[in-house]
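A structural walkthrough
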Amino acid sequence: LGLLYYRKDRIKIPTCKIQKKIIKKNTGWCNDIKSKKYNREVKLPYKFSAEKLYRRDKIYDLLIVIKYNFSPVIKKKGSAIFLHISKKNYKPTEGCIAIPKKKFLKLIPLIEKKTKISII
């Protein structure tokens, strides 16, 4: 697992053993295979396609980067794979893992640098 991103204006992070970063209005994640920053954080506006992490719908108020297709990055193999907050109706994600906010907050203190996630 990678960094924990969070909206400081909306979330009070519990004790955390992994690196964290505040999501700002210009925080994005590149999902454009034409960019050298594919599957990496970028500052918006960005000249290539990028997902905005500062959202109204609150699903990215907390997110942890799942280091899928991360080292090395292989274009067209997937980007922006996160563990994030689920929508109230558990609507499917676009390839991420989503859990309720309460469970996410309970999980954060248990995650450390060596924690791994298995997707089966």
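Residues numbered from 1 in each chain as written. Predicted model: local features only at pLDDT ≥ 70, side-chain atom pairs only at ≥ 80, totals over all residues. Heavy atoms only, no water.

What to know about the side chain of Arg7
Rules: In this text, helices come from DSSP runs of H or I with a minimum length of four residues, and strands from runs of E with a minimum of two, each type numbered from the N-terminal end. In what follows, a contact means two residues having at least one pair of non-hydrogen atoms within 4.5 Å.
Residue position: Arg7 is located in the loop between strand 1 (4-6) and strand 2 (20-22). Discounting residues that sit within four places of it in the chain, Arg7 has contacts with Ile23, Tyr54, Arg55, Tyr60 and Asp61.

Quick word on the packing of aromatic side chains
Quick note on the threshold: Any two rings among Phe, Tyr and Trp, with Trp reduced to its six-membered ring, count as a pair given centres within 6.5 Å; such a pair is stacked if its planes are under 30 degrees apart, edge-to-face if over 60, and tilted if neither. Note on exposure labels: buried denotes an accessible area under 20% of the residue type's maximum, exposed denotes more than 50%, and partly exposed covers the range between, all computed with a 1.4 Å probe on protein chains only. As a reminder, the over-ring test applies to NZ of lysine and CZ of arginine, requiring each to be within 6 Å of the ring centre and within 35 degrees of the ring normal.
Applying the stated rule across the entire model yields four aromatic pairs. When the centroid spacing of 5.4 Å and the interplanar angle of 85 degrees are considered together, the rings of Trp29 and Phe82 count as edge-to-face. Of this pair, Trp29 sits in strand 3 (residues 27-30) while Phe82 sits in strand 7 (residues 82-85); the two residues are 53 residues apart in sequence, bridging distant segments of the chain. Grouping residues by exposure puts Trp29 and Phe82 together as buried. Geometrically, the ring pair formed by Tyr46 and Phe48 is tilted, given 5.9 Å between the ring centres and 50 degrees between the ring planes. For Tyr46, a relative accessible area of 24% puts it in the partly exposed group. Judged by its relative accessible area of 25%, Phe48 is partly exposed. Taken together, Tyr5, Trp29, Tyr60 and Phe82 form an aromatic cluster joined through their ring pairs. When the ring centre of Phe70 is taken as origin, the NZ or CZ atom of Arg40, which lies over that ring, is 4.0 Å away. Between the NZ or CZ atom of Arg55 and the centre of the ring of Tyr60, over which it lies, the distance is 4.7 Å.

Description of the nonpolar core
Basically, it comes down to this: Here, the term nonpolar core denotes a set of buried Ala, Val, Leu, Ile, Met, Phe, Trp, Tyr and Cys residues that are joined through side-chain atoms within 4.5 Å.
Within the largest apolar cluster, 16 residues are counted, with the highest numbers of intra-cluster contacts made by Leu4, Ile13, Leu62, Ile64 and Phe104. For Leu62, the residues in contact, after removing those within four places along its chain, are Leu4, Tyr5, Tyr6, Ile11, Ile13, Leu83, His84, Ile85, Phe104, Leu105 and Ile108. Core analysis: the second largest hydrophobic core is formed by twelve residues, Ile59, Tyr60, Leu63 and Phe82 among them.

In short, shape yes, function no, at least from these values alone.
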